[in-house]
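Residue-level structural notes
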Amino acid sequence: MLNRKGRRWGADACVVGFSGGGVGAEFGDPLRERMVVPSLKLQDLIEEIRGAKTQAQEREVIQKECAHIRASFRDGDPVHRHRQLAKLLYVHMLGYPAHFGQMECLKLIASSRFTDKRVGYLGAMLLLDERHDAHLLITNSIKNDLSQGIQPVQGLALCTLSTMGSAEMCRDLAPEVEKLLLQPSPYVRKKAILTAVHMIRKVPELSSVFLPPCAQLLHERHHGILLGTITLITELCERSPAALRHFRKVVPQLVHILRTLVTMGYSTEHSISGVSDPFLQVQILRLLRILGRNHEESSETMNDLLAQVATNTDTSRNAGNAVLFETVLTIMDIRSAAGLRVLAVNILGRFLLNSDRNIRYVALTSLLRLVQSDHSAVQRHRPTVVECLRETDASLSRRALELSLALVNSSNVRAMMQELQAFLESCPPDLRADCASGILLAAERFAPTKRWHIDTILHVLTTAGTHVRDDAVANLTQLIGGAQELHAYSVRRLYNALAEDISQVTAAYTVQKTSEHRALFLRTSGLLS
Amino acid sequence: MIQAILVFNNHGKPRLVRFYQRFPEEIQQQIVRETFHLVLKRDDNICNFLEGGSLIGGSDYKLIYRHYATLYFVFCVDSSESELGILDLIQVFVETLDKCFENVCELDLIFHMDKLLLLNSPLSSLETVVSSLHGGEGSVTRVKDLYCCRSQRTESCTGKEVHYILQEVVMGGMVLETNMNEIVAQIEAQNRLEKSEGGLSAAPARAVSAVKNINLPEIPRNINIGDLNIKVPNLSQFV
């Protein structure tokens, strides 16, 4: 059968207003006359939506289809329910309301068919959350699915639980998830582990349930399980100092795993650009950072390996650089040897000169993290940082600005201010305000002379007056007020600024504020004219 | 933690929207629009990192994105994630999509890409993949006959498949698996499970309902074919 667009429909046709399947009309029986209304297959729906020339047209197509879907749901047709929900989820992505599909998700999840569960669970993840009472109703289905032993189904249930599981659901289902941690299938185990992380975030007391299995899980060879376990241990350590102390004893094990990855050589299964499972390496390095922080013994255990990674990692590809950056951050955060720290900061300095902008961005971000703790080490790279101010890339110049401001001190303030003032004149508009206020703050902290300070503020006001906060003007007047010897100078500067650009509202405002100097002003301007 | 994964085309039309933190529907759409506008402003040869928009969470969050021809893949992450690592993760995801959809035009159907720039290159040359996938000159194109297989469209090439694949890579906002072979094997097993159900279990139900609705015409009880002299052999021993 062809509809008027010549498209084949049949299996997907929904019968409006009647229960049970069946296509076709029985003539001569008005009471049982059936109106078969064509409803689109998902591909056809997508094509119709794509074909719509205007937003209004698209809305019309979708609203028409949603009417079909609603009717089909009311109908209670179990065979096509999953297709109807799939269509609904598609239009939901485009921003159309889909709340009437929530209960259908529940029905699909409760079905015995994998096809139904797959869409049903997806629908639950996209449409349901804690605020809907309906969300609790899937707890039972999840419990059943977790215990049935069908791996793909267990996977779906765990995925859903880790995405939208509320605290109540997590409490209910923790025993089921715990059982799955030590099951034979790595596929289910790795998902159970990450679900445990989510559960701890929702119900911190569950840490006591999921802490004990960790030690055993660390001996697994499967990368997915290891990755999840490291994530779980990290979560536990970040939440509890007791857990942190407990897991310090696995530092040697972690070092061993990382060393194996680093020295293992090229293995196709997990390597990215010749680096063995960089994702796992990065996770381990993050955990080592947490465990080694402020702990002499742990730091010592990992020192050699960190040095090895820092010097031997291939930096020609992104994957290697990801590992290297993480190594540098770990070195700087733990109690590492002084030589190693210098090496780490120098690696960052080298990266600042890399042609790859992503590398430069991460280098700037990393240096920013270190500027408080290792100020002198980072200072050594100040010239390169200042160079980055000239970047055309707004993300990079923003980082460079933050770092430059953090590097200003009493000995470099004049030079730095020159650079920053130059940057202020040409920087992108969304950075102006931050740059201006940063300069003013730095000027206040490190001004070598009052005159220099006044000049700096004036320059900022004239360059970026509209982006400056009002209290900057108040500060200026206060400053001028407190420097008798500079009154004439100040007023002259102000007048010149006004003469140059009368539209500088702030400059005019400043003059207005210094009304007590009006007499002086008039005298001075008389002198000038 | 990964807060959201968004895929949209060059016109800002969403192709995949997945949040790992709950936002009301209107806010979700706003975030997609805002992200698109932020990302659209970026040239192709500057870095892939952006400070996040105002809606999605403030200074701790950033947007890490990749632009492939007509699609933007955007991951919104917090400061606990490795920026360069996420770049590789996006690549793993895209390559896995490539492996899972046998026909280039299936992906085209979901993503409506005019020209598909996906590669057959082995994992080791990820960097080459990355640089050439940025589109523009020097890109390696594997353009299968885009229109030959329209008629072979399978039921499976709709938006939800991309979600299923994503679910094997990222779960609950955390990285689950990055071994592409394992992910593909799992997806194929699940697809087979679906196919086996669709074929066998639905058919009997459909057959029954079809039979129930057969409109049989009235069969005459008496057929008069006139007098026929038919010699019938003696079959008494079989009676």
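Quick note: structure is the one above.
Conventions used here
Residues numbered from 1 in each chain as written. Chains lettered and ligands numbered in written order. Predicted model: local features only at pLDDT ≥ 70, side-chain atom pairs only at ≥ 80, totals over all residues. Heavy atoms only, no water. Helix = DSSP H or I, 4+ residues; strand = E, 2+ residues; numbered from the N terminus. Contact = heavy atoms within 4.5 Å. Polar contact = N/O pair within 3.5 Å; in protein donor to acceptor, adjacent residues only side chain to side chain. Salt bridge = Lys/Arg side-chain N within 4 Å of Asp/Glu carboxyl O. Buried < 20%, exposed > 50% of the residue type's maximum accessible area, 1.4 Å probe, protein only. Phe/Tyr/Trp six-rings, centres within 6.5 Å; stacked < 30°, edge-to-face > 60°. Buried area = accessible area lost by both parts, 1.4 Å probe. Nonpolar A, V, L, I, M, F, W, Y, C, P; charged D, E, K, R; others polar.

Attention shifts here to the overall build of chain B. Tallying secondary structure elements over chain B gives seven helices and seven strands in all. Secondary structure elements of chain B, listed N to C terminal, follow the sequence β-β-α-β-β-β-α-α-α-α-β-β-α-α. A sequence separation of at least 24 residues applies to 56% of the contacts in chain B between residues at least 6 apart.

Assignment of secondary structure puts Glu58 of chain A in helix H2 (residues 55–75). At a separation of 2.7 Å, a polar atom in the side chain of Glu58 of chain A contacts the side chain of Tyr96 of chain A. Ignoring sequence-local partners within four residues, the contact set of Glu58 of chain A consists of Ile49, Ala52 and Tyr96 of chain A together with Lys13 of chain B.

Opposite charge on two side chains lets them pair, provided their charged atoms get close. By the definition in use, this model includes 32 salt bridges over all chains. Residue Glu326 of chain A pairs with Arg289 of chain A through a salt bridge whose shortest N-O separation is 2.5 Å. Of this pair, Glu326 of chain A sits in helix H17 (residues 318–333) while Arg289 of chain A sits in helix H15 (residues 278–292), and the two are 37 residues apart along the sequence. For Arg289 of chain A, a relative accessible area of 6% corresponds to the buried category. One salt bridge in this structure joins Arg398 of chain A and Asp434 of chain A, with 3.9 Å as the shortest N-O distance. One end of the pair, Arg398 of chain A, is in helix H22 (residues 394–407); the other, Asp434 of chain A, is in helix H24 (residues 429–446), and 36 residues separate them in sequence. The exposure class assigned to Arg398 of chain A is partly exposed, which follows from its relative accessible area of 21%. The class for Asp434 of chain A is partly exposed, based on a relative accessible area of 41%. Here the residues in one salt-bridge network are Asp129 and Arg131 of chain A together with Arg22 and Glu25 of chain B, joined through shared partners.

Take the packing of aromatic side chains next. According to the stated counting rule, one finds eight aromatic pairs over all chains in the structure shown. Plain terms: the ring middles of Tyr361 of chain A and Phe49 of chain B are 4.8 Å apart, the flat faces sit at 35 degrees to each other, and that makes the pair tilted. Here Tyr361 of chain A, found in helix H19 (residues 357–370), pairs with Phe49 of chain B, found in strand E3 (residues 49–51), and the two come from separate chains. Assigned by exposure class, Tyr361 of chain A and Phe49 of chain B land together as buried. Taking the centre distance of 5.5 Å and the plane angle of 70 degrees together, the rings of Phe19 of chain B and Phe23 of chain B count as edge-to-face.

Note that Gln63 of chain A resides in helix H2. With 34 residues separating them along the chain, Gln63 of chain A and Pro97 of chain A place their C-alpha atoms 9.8 Å apart.

Residues and elements named next belong to chain A. By the element assignment, Pro448 lies in the loop between H24 and helix H25 (450–464). Accessibility expressed as a relative area gives 39% for Pro448, which makes it partly exposed. In this structure the C-alpha to C-alpha distance between Pro448 and Ser410, which are 38 residues apart in sequence, comes to 7.5 Å.

Residue-level contacts link 69 residues of chain B with 78 residues of chain A. Across the interface of chain B and chain A, roughly 6,700 Å² is buried in total on both sides, 52% from carbon and sulfur atoms. Taken as a group, Leu84, Met171 and Met174 of chain B account for 11% of the area that chain B buries against chain A, more than any other trio of residues on that side. For the pair chain B and chain A, the number of links is eight salt bridges. A salt bridge links Asp393 of chain A to Arg42 of chain B; the shortest N-O distance between them is 3.2 Å. Applying the counting criterion to the chain B and chain A interface returns 26 residue pairs in polar contact (both at pLDDT 80 or more). For the side of chain B that touches chain A, the element with the highest residue contribution is helix H6 (residues 180–200) of chain B, accounting for 10 residues. Of the residues belonging to the side of chain B that touches chain A, the class tally is 26 nonpolar, 23 polar and 20 charged.

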